[in-house]
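# Report on the structure
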Amino acid sequence: MIINETEIQQTLAATHRPDTKVVQDILAHARQMQGIGANEVAILANVQDPDLLHELYETARTVKEEIYGKRLVLFAPLYISNLCGNECLYCAFRARNTAIHRRALTQEEIARETRILIDQGHKRVLLVAGESYPQEGFQYVLDSIATVYATRHDHGEIRRVNVNIAPLDIDQFRQLKAAQIGTYQLFQETYHRKTYSNVHVGGRKQDYDWRITAIDRAMQAGIDDVGIGVLFGLADWRFEILALMQHIQHLENTFGVGPHTISVPRLEPASGTELASHPPNPVADDDFRKIIAILRLAVPYTGIILSTRESPAIRAESFALGVSQISAGSRTNPGGYADHEDYDASQFALGDHRPLDEVIRSIAELGYIPSFCTGCYRLGRTGADFMDLAKPGDIKMHCEPNALSTYQEYLNDYATPETRAAGEKLIDNVIAGMHPQAARRAQTLVDQVRSGGHDIYC
Ligand code: SAM
Ligand code: SF4
């Protein structure tokens, strides 16, 4: 059993009103950056006192910066199809929803979408699809990944394709690995069994166990770079983060490595679904900040991903608290980058509609370094290797220099003059403030890009 609900409920009940001293001891423990246990997570989840909350946020901020520095990795989702055989009551792609236009992109259309993303400056995409494929079945997904990797345009190409698709069997996962995906991402949506069965009322996704064991099958097939997540708003968020901890513990115990990323989507309104507009357990902004801060302390070396579902204001706050990857300039309808008007095919409403250039500029204004780095994955630093590198904080020696060189590449090739000027100033300032060894490395990479180099990383 991966999730023990009784244990979670007992832990939550036992940690109801935490004592100040206890909370401060946990925060001191968290500052050691070795993670914190389920009991400690439950105690932090129950903190209400504004001063203690402030301390929690400050601790998360310190841990985030110590491990990740100031970089923020950027990606774009690429929706290839909204065909789906499931009935997830919160999703516009659910089978019985007649309010949206159904579409599976052809390989030519996927190449066209990819070219648009390349021309915006993206290097990483997250390929997304509903759980039903055109005639060629699962091969459609494999072909689509190949199409994205094969597409080149002007200055660039997509260097990493992550995927968010329905659970597969081991053999299919092997094929996915052979297609050279980056991360396989799958959200359990809710770890709470009863809630899960209330909101998944048709199709294969009704099977909770098939879904929760999917990450195990991916690992067994050799995919050591996996992402998990919760769709917040379905069940009590305190329950969900403790369940996430159990899932992570299970993966660490079984495979010696936890997830590479955790995603924290919140339910957004979606056409043809009542549930999405009226979440059974809505997560307020205050609680959402808490979720991010607690996860940062609980699993300090795991990336936290935030999507364009959130508003620019929440996104900005969340960077400081622990988010390390964000999507930008997104469309959630297949073909959405080329066909701007086709919103009736979208999966859910977006909270941030700004184009990539604007997002990049605002990230830089907040003092963060936008990163398009794909270095670890391409140098084979994944799974346990990545964790070994990340754990002593050494990732800063790679991540920050690579962030700066890929940011400079973006500025050279795609930025407006205004964004470029602000960006180059930021790069110089960041290098000036870095540890001398990392600064030398970063300066070398950035200089190579400034003199016309592409795809420079360490
Ligand atoms: N069909 C596959 C699946 O369900 O796992 C993968 C693609 S699905 C489009 C990706 C994710 O979108 C889901 O895992 C779910 O968490 C999220 N999602 C669905 N409806 C949403 C909504 N109304 N608001 C925010 N996220 C939503
Ligand atoms: Fe289909 Fe995934 Fe949407 Fe469920 S969440 S209806 S499986 S696309």
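Residues numbered from 1 in each chain as written. Chains lettered and ligands numbered in written order. Predicted model: local features only at pLDDT ≥ 70, side-chain atom pairs only at ≥ 80, totals over all residues. Heavy atoms only, no water.

### A closer look at the pairing of strand E1 (residues 71–81)
Counting buried positions along E1 yields 11 of 11 residues, so the element is predominantly enclosed. Sheet topology places E1 next to strand E10 (residues 325–327); three bridges connect them, and they run parallel. Counterpart to Phe 75 in the pairing with E10 is Ser 327. Relative to strand E2 (residues 124–129), E1 runs parallel, the two sharing five bridges. Bridge pairing links Tyr 79 to Val 128 in E2. As for the winding sense of the linkage, the β-α-β connection from E1 through helix H5 (residues 107–120) to E2 is right-handed. (Buried < 20%, exposed > 50% of the residue type's maximum accessible area, 1.4 Å probe, protein only. Helix = DSSP H or I, 4+ residues; strand = E, 2+ residues; numbered from the N terminus. Pairing = 2+ DSSP bridges. Right-handed = clockwise from strand over helix to strand, strands pointing away.)

### Some details on the pattern of salt bridges
Going through the model one piece at a time under the given rule, you end up with 24 salt bridges. When the shortest N-O distance is used, the salt bridge between Arg 159 and Glu 157 registers 2.7 Å. Accessibility expressed as a relative area gives 6% for Arg 159, which makes it buried. Between Glu 189 and Lys 205 there is a salt bridge, and its shortest N-O distance comes to 2.7 Å. With a gap of 16 residues between them, Glu 189 in the loop between strand E6 (184–185) and helix H8 (193–199) and Lys 205 in the loop between H8 and helix H9 (208–212) connect regions that are remote in the sequence. What emerges from the salt-bridge pattern is a single network uniting Glu 157, Arg 159, Arg 378, Glu 409 and Asp 455. (Salt bridge = Lys/Arg side-chain N within 4 Å of Asp/Glu carboxyl O.)

### As for the packing of helix H1 (residues 5–14) against helix H11 (residues 237–255)
When two helices pack together, their arrangement is captured by the angle between the axes and the distance separating the axes. In the contact formed by H1 and H11, the axes pass within 10 Å of each other and the chain directions differ by 125°. By the angle class used here, H1 and H11 are oblique. When the axes of H1 and H11 are compared, the crossing they make is right-handed. Contact residues: Glu 5, Glu 7, Ile 8, Gln 9, Thr 11 and Leu 12 in H1; Arg 238, Phe 239, Leu 242, Ala 243 and Gln 246 in H11. Residues that form the contact of H1 with H11 fall into these classes: five nonpolar, three polar and three charged. (Axes fitted to C-alpha atoms, helices over the stretch in contact; angles between N-to-C directions. Parallel < 35°, antiparallel > 145°, perpendicular 65-115°, else oblique. Left-handed = near helix turned anticlockwise from the far one by under 90°. Contact = heavy atoms within 4.5 Å. Nonpolar A, V, L, I, M, F, W, Y, C, P; charged D, E, K, R; others polar.)

### Here we look at the domain arrangement of the chain
For an interface, size is often stated in terms of accessible area lost upon the parts coming together. With domains assigned, the chain is organised as domain 1 (5–65), domain 2 (70–371) and domain 3 (382–450). Between domain 1 and domain 2, the C-alpha centre-to-centre distance is 27 Å. Listed per partner, the contact involves 29 residues of domain 1 and 30 residues of domain 2. Here domain 1 meets domain 2 over a buried area of about 2,400 Å², counting both sides, of which 67% is carbon and sulfur. One can count one salt bridge joining domain 1 with domain 2. (Domains from an automatic or database assignment. Buried area = accessible area lost by both parts, 1.4 Å probe.)

### Regarding the nonpolar core
Core analysis: the biggest nonpolar cluster contains 128 residues, and Leu 44, Ile 145, Ile 165, Leu 176, Tyr 184 and Tyr 191 have the highest contact counts within it. With nine residues, H11 is the largest single contributor of residues to this core. Setting aside chain neighbours within four positions, we find Leu 176 in contact with Phe 138, Val 141, Leu 142, Ile 145, Val 163, Ile 165, Leu 168, Ile 181, Tyr 184 and Ile 223. Tyr 79, Leu 126, Ala 276 and Ile 305 belong to the second largest nonpolar core, which has 19 residues in total. (Core = buried A, V, L, I, M, F, W, Y, C linked by side-chain atoms within 4.5 Å.)

### Things to note about the packing of aromatic side chains
In total, this model carries six aromatic pairs according to the counting rule given. Residues Phe 173 and Tyr 184 carry aromatic rings whose centres are separated by 4.8 Å and whose planes lie at 75° to one another, so their mutual orientation is edge-to-face. Taken together, the positions of Phe 173 in helix H7 (residues 170–178) and Tyr 184 in strand E6 put the pair 11 residues apart, joining distant regions of the chain. Classification of Phe 173 by relative accessible area gives buried; the value is 0%. Overall, the relative accessible area of 0% leaves Tyr 184 in the buried class. The structure contains a cluster of three or more aromatic residues connected by ring pairs, namely Phe 372, Tyr 410 and Tyr 414. Sitting over the face of the ring of Trp 210, Arg 217 holds its NZ or CZ atom 3.5 Å from the ring centroid. (Phe/Tyr/Trp six-rings, centres within 6.5 Å; stacked < 30°, edge-to-face > 60°. Lys NZ or Arg CZ within 6 Å of the ring centre and 35° of its normal.)

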